[in-house]
Amino acid sequence: MKILITGGAGFIGSHLSKKLLGEGNSVVCVDNLFTGRKENIEPFLKNKNFEFVEHDIINPLEIEGIDQIFNFACPASPPHYQKDPVFTFKTSVLGSLNLLELARKNNARIMQASTSEVYGDPKTHPQPETYWGNVNPIGIRSCYDEGKRAAETLFFDYNRKYGTDIRVIRIFNTYGPNMDPRDGRVVSNFINQALEDQDLTIYGDGSQTRSFQYIDDLVDGIAKMMDNKNNFLGPVNLGNPDEFTVKELAEKILEMLPESKSKIVHKPLPEDDPKQRKPDITLAKKELGWKPKVKIKEGLKKTIEYFKRNGRL
Ligand code: NAD
Ligand code: UDP
């Protein structure tokens, strides 16, 4: 198959490229390198089945003969998506429109990488797909949250109006190798701070929770969702229901790096930071036979190894 991955030079996109190339597909990676890195796709550049196109999905694109599209282009880390919120919103909305048009022209199946952020600061816990969320429409996270919500709307409207073959996944916090050490997300921050003997920066008192999923589990879920034969469109939660406070995460990482001289310090909690987050994965289990397998310690160990070789804050 010929497969287009937008955001292919990013953290998740690069893992997806590796899997799809390994299965003998040809992969076109479209990325504007806003947060993505050439080093993530370096191993594929010599593969004749891999093509890199530097392009911003805010602008329309013409590619022929595409069978599947994975729309993963969008900055995902709060400091990056808040840097230029108008660009972030355009990426989700105009980018999705451009790719949905491309899917229509190519008669291709298209997946949208949506997010647990569509649930905002949830009042239902854990979050099932039927929960409509609690999102501030005018806050500093809204460019990302509302952009992703609007993208979901577009995907389902293209399906209803044009019969476009869509898949929508809601990804919960995911970590692993190929994250940018300077990306600003909590797992990469804490590990790199600990490796460099800098203090671990907990925002707020650290009682807020997240559920952290290792990248291999996510890639497995993505493949199962894209290839499901039951015409199951989603949205479906893909995340690990093991829930931890941010303080527990910091302590775990320091425990795993006993040689580190780092201590824990507290910084102000960013505005609208969700207090809790945990996926209900009943639907993914039922429709896809999927559940995550990698426990946090095992995933963190692999991520620490990666950052020991590649990290630098
Ligand atoms: P990332 O920042 O590593 O990757 C995003 C990629 O998209 C980068 O390579 C970036 O350069 C590219 N990009 C951004 N805007 C673009 C544009 N306008 N045109 C072309 N390319 C553009 O982030 P990631 O963690 O790999 O996230 C990938 C996708 O998954 C994103 O859509 C994100 O919203 C979604 N997601 C990720 C998580 C997570 O925990 N990692 C959680 C929920 C959703
Ligand atoms: N966080 C933190 N210290 C950091 C980075 C993040 O305490 O150095 C917190 C952040 O405030 C949030 C949680 O960790 O409560 C997860 O943050 P991240 O940016 O990784 O993801 P998101 O907030 O989008 O779930």
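Our structure is the block above this text.
Read on for a plain summary of the structure. (Residues numbered from 1 in each chain as written. Chains lettered and ligands numbered in written order. Predicted model: local features only at pLDDT ≥ 70, side-chain atom pairs only at ≥ 80, totals over all residues. Heavy atoms only, no water.)

Taken together, the neighbourhood of ligand 2 is formed by 18 residues, with N189, T201, Y203, R210 and D273 sitting nearest. V186 places a main-chain nitrogen or oxygen 2.8 Å from an oxygen atom of ligand 2. Taking N189, its side chain carries an N or O atom lying 2.8 Å from an oxygen atom of ligand 2. In the complex, the protein chains occlude 96% of the 520 Å² of accessible area that ligand 2 would expose alone. (Near = heavy atom within 4 Å. Polar contact = N/O pair within 3.5 Å; in protein donor to acceptor, adjacent residues only side chain to side chain. Areas by Shrake-Rupley, 256 points an atom, 1.4 Å probe, with all protein chains shown as cover.)

Once that is clear, we can look at the site of ligand 1. Taken together, 30 residues sit near ligand 1, with D31, T35, Y144, K148 and R185 positioned nearest. A distance of 2.8 Å is found between an oxygen atom of ligand 1 and a backbone nitrogen or oxygen belonging to I12. Coverage of ligand 1 by the protein amounts to 97% of the 820 Å² it exposes when considered alone. Elements with a contribution of two residues or more to the shell around ligand 1: α1 (11-22), α4 (85-106), β5 (109-115) and α5 (142-162). Here the shell around ligand 1 takes 3 residues from β5, the largest share from any one element. A breakdown of the residues in the shell around ligand 1 according to their chemical character gives 15 nonpolar, 11 polar and 4 charged. (Helix = DSSP H or I, 4+ residues; strand = E, 2+ residues; numbered from the N terminus. Nonpolar A, V, L, I, M, F, W, Y, C, P; charged D, E, K, R; others polar.)

With that settled, the discussion passes to the environment of F172. You can see F172 is positioned in the loop between β6 (166-171) and β7 (174-175). Relative accessible area serves as the criterion here: at 1%, F172 is assigned to the buried category. Separated by 88 residues in sequence, F172 and S260 place their C-alpha atoms 29 Å apart. Excluding residues within four positions of it along the chain, F172 makes contact with S116, Y119, Q127, S211, Q213, N237, L238, G239, R277, K278 and P279. (Buried < 20%, exposed > 50% of the residue type's maximum accessible area, 1.4 Å probe, protein only. Contact = heavy atoms within 4.5 Å.)

Let us now look at the packing of helix α6 (residues 186-195) against helix α10 (residues 296-310). At a minimum axis distance of 10 Å, the contact between α6 and α10 shows a crossing angle of 60°. In this view, α6 runs oblique relative to α10, as classed from their interaxial angle. Every pair of crossing elements has a handedness; the one defined by α6 and α10 is right-handed. Contacts from V187, S188, I191, N192 and L195 in α6 reach L300, T303, I304, F307 and K308 in α10. Residue composition of the contact of α6 with α10, grouped by class: 6 nonpolar, 3 polar and 1 charged. (Axes fitted to C-alpha atoms, helices over the stretch in contact; angles between N-to-C directions. Parallel < 35°, antiparallel > 145°, perpendicular 65-115°, else oblique. Left-handed = near helix turned anticlockwise from the far one by under 90°.)

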